[in-house]
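# Analysis of the macromolecular model
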Amino acid sequence: MTERVILEPGMPAPSFTLPDQDGVERSLADYRGQKVVLFFYPEAMTPACTKEACEFQESSAPLEAAGYRVLGVSRDAVERLRRFADRDALEYPLLSDPDTAVHRAYGAFGTKNSYGRIIEGVIRSTFVIDAEGKIEHALYNIKATGHVARVTKLLGV
């Protein structure tokens, strides 16, 4: 088993290019000069992930007004992400990372405790990336409920 990466403030955010729910390639480099809230969630259309994604949607206007762009990342296929975005009126990009390469680069995939069992899977995480592409905040092992409120408070939004 490979050692899990843990990103910390000040480190460069790992670059990536992934397709969104419309099949459009999105790169972190596309957002240079803007601040990004990048969140990793286990699976589209599950209760906790839906709650988190919808709370990010509800907060996307104030986040954008403060200069932040929201991006969600999961292992789901593009088609499933399209259904998720349509079903829940999610307007920000949902990125597909089925091989977990980007998850692993951010330390958002690895060994975790799931209801008392040690498994390998997605570690719900959120990263705030500054306009220069550096990690401003790295939040690991977060809970879906109340997380978006915590992020907006942390950012003063």
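Placed above this text is the structure.
A brief structural summary. Note that residues are indexed from 1 along each chain, following the sequence as it is written. Note on the predicted model: pLDDT of at least 70 is required for a residue's local features to be given, and 80 or more for side-chain atom pairs to be given and counted; whole-chain, interface and lining totals, by contrast, use all residues. To obtain the side-chain values, all non-hydrogen atoms of the structure were included, while hydrogens and water were left out.

Here we take up the overall build of the protein. Along the backbone of the protein there are four helices and nine strands. Overall, the protein shows an N-to-C arrangement of helices and strands of β-β-β-α-β-α-β-α-β-β-β-β-α. With the radius of gyration taken over C-alpha atoms, the globule rule is written as 2.2 Å times the number of residues to the power 0.38. Rg of the C-alpha trace for the protein: 14 Å, near the compact-globule value of 15 Å for 157 residues, within the 12% margin. If one aligns the C-alpha atoms of the protein with their principal axes, the spans along those axes are about 40 × 35 × 30 Å. Note on classification: 1.4 Å probe, protein chains only; a residue is buried when its accessible area is under 20% of the maximum for its type, exposed when over 50%, partly exposed between these limits. Scored against the burial criterion, the 157 residues of the protein give a buried share of 48%. In this description, contact between two residues means that some pair of their heavy atoms is separated by no more than 4.5 Å. Taking the contacts inside the protein whose residues are at least 6 apart along the sequence as the reference set, 64% of them involve residues at least 24 apart. Only DSSP runs of H or I covering at least 4 residues are called helices, and only runs of E covering at least 2 are called strands; the numbering of each starts at the N terminus.

Of all seven residues making up strand 4 (residues 68–74), six are buried, and the element is well covered by its neighbours. Strands were regarded as paired on the criterion that DSSP finds at least two bridges between them. Examined bridge by bridge, strand 3 (residues 35–40) and strand 4 share six bridges and lie parallel to one another. By the bridge assignment for strand 4, phenylalanine 39 is matched with glycine 72. As paired elements, strand 4 and strand 5 (residues 94–96) share three bridges and run parallel to each other. Bridge pairing in strand 5 links serine 74 to serine 96.

For any two aromatic rings, the description comes down to two numbers: the centre-to-centre distance and the angle of the planes. Here the aromatic set is Phe, Tyr and Trp, taking the six-membered ring for Trp, and pairing holds for ring centres within 6.5 Å; pairs whose planes are under 30 degrees apart are stacked, those over 60 apart are edge-to-face, and all others are tilted. Summed over the entire model, instances satisfying the criterion amount to nine aromatic pairs. An angle of 65° between the planes, with centres 5.9 Å apart, marks the rings of phenylalanine 39 and tyrosine 92 as edge-to-face. On the criterion of sequence distance, the pair formed by phenylalanine 39 in strand 3 and tyrosine 92 in the loop between helix 2 (78–88) and strand 5 is long-range, its members being 53 residues apart. Residue classification places phenylalanine 39 among the buried residues on the basis of a relative accessible area of 0%.

Once that is clear, we can look at the side chain of glutamate 55. Structurally, glutamate 55 is set in helix 1 (residues 47–65). Apart from residues lying up to four places away in sequence, glutamate 55 is in contact with Ala144, Gly146, His147 and Val148.

This part is about unusual backbone geometry. For alanine 89, which is not glycine, the phi torsion reads 55° and is therefore positive. Note that alanine 89 resides in the loop between helix 2 and strand 5. Residue classification places alanine 89 among the partly exposed residues on the basis of a relative accessible area of 47%. If you check the backbone angles, asparagine 141 has positive phi at about 55° while not being a glycine. The topology assignment puts asparagine 141 in the loop between strand 9 (135–139) and helix 4 (147–154). A relative accessible area of 53% places asparagine 141 in the exposed class.

In this structure, Val37, Tyr41, Phe56, Tyr92 and Leu94 are the most contacted members of the largest nonpolar core, which totals 22 residues. Of all the secondary-structure elements, those providing two or more residues to this core are strand 3, helix 1, strand 4, helix 2 and helix 4. With four residues, helix 1 is the single largest residue contributor to this core. Membership of the second largest hydrophobic core comes to 19 residues, among which are Leu18, Leu28, Leu38 and Ile129. In this text, buried Ala, Val, Leu, Ile, Met, Phe, Trp, Tyr and Cys residues form a nonpolar core when linked through side-chain atoms within 4.5 Å.

In short, the description is geometric, and any link to function would need to be established separately.
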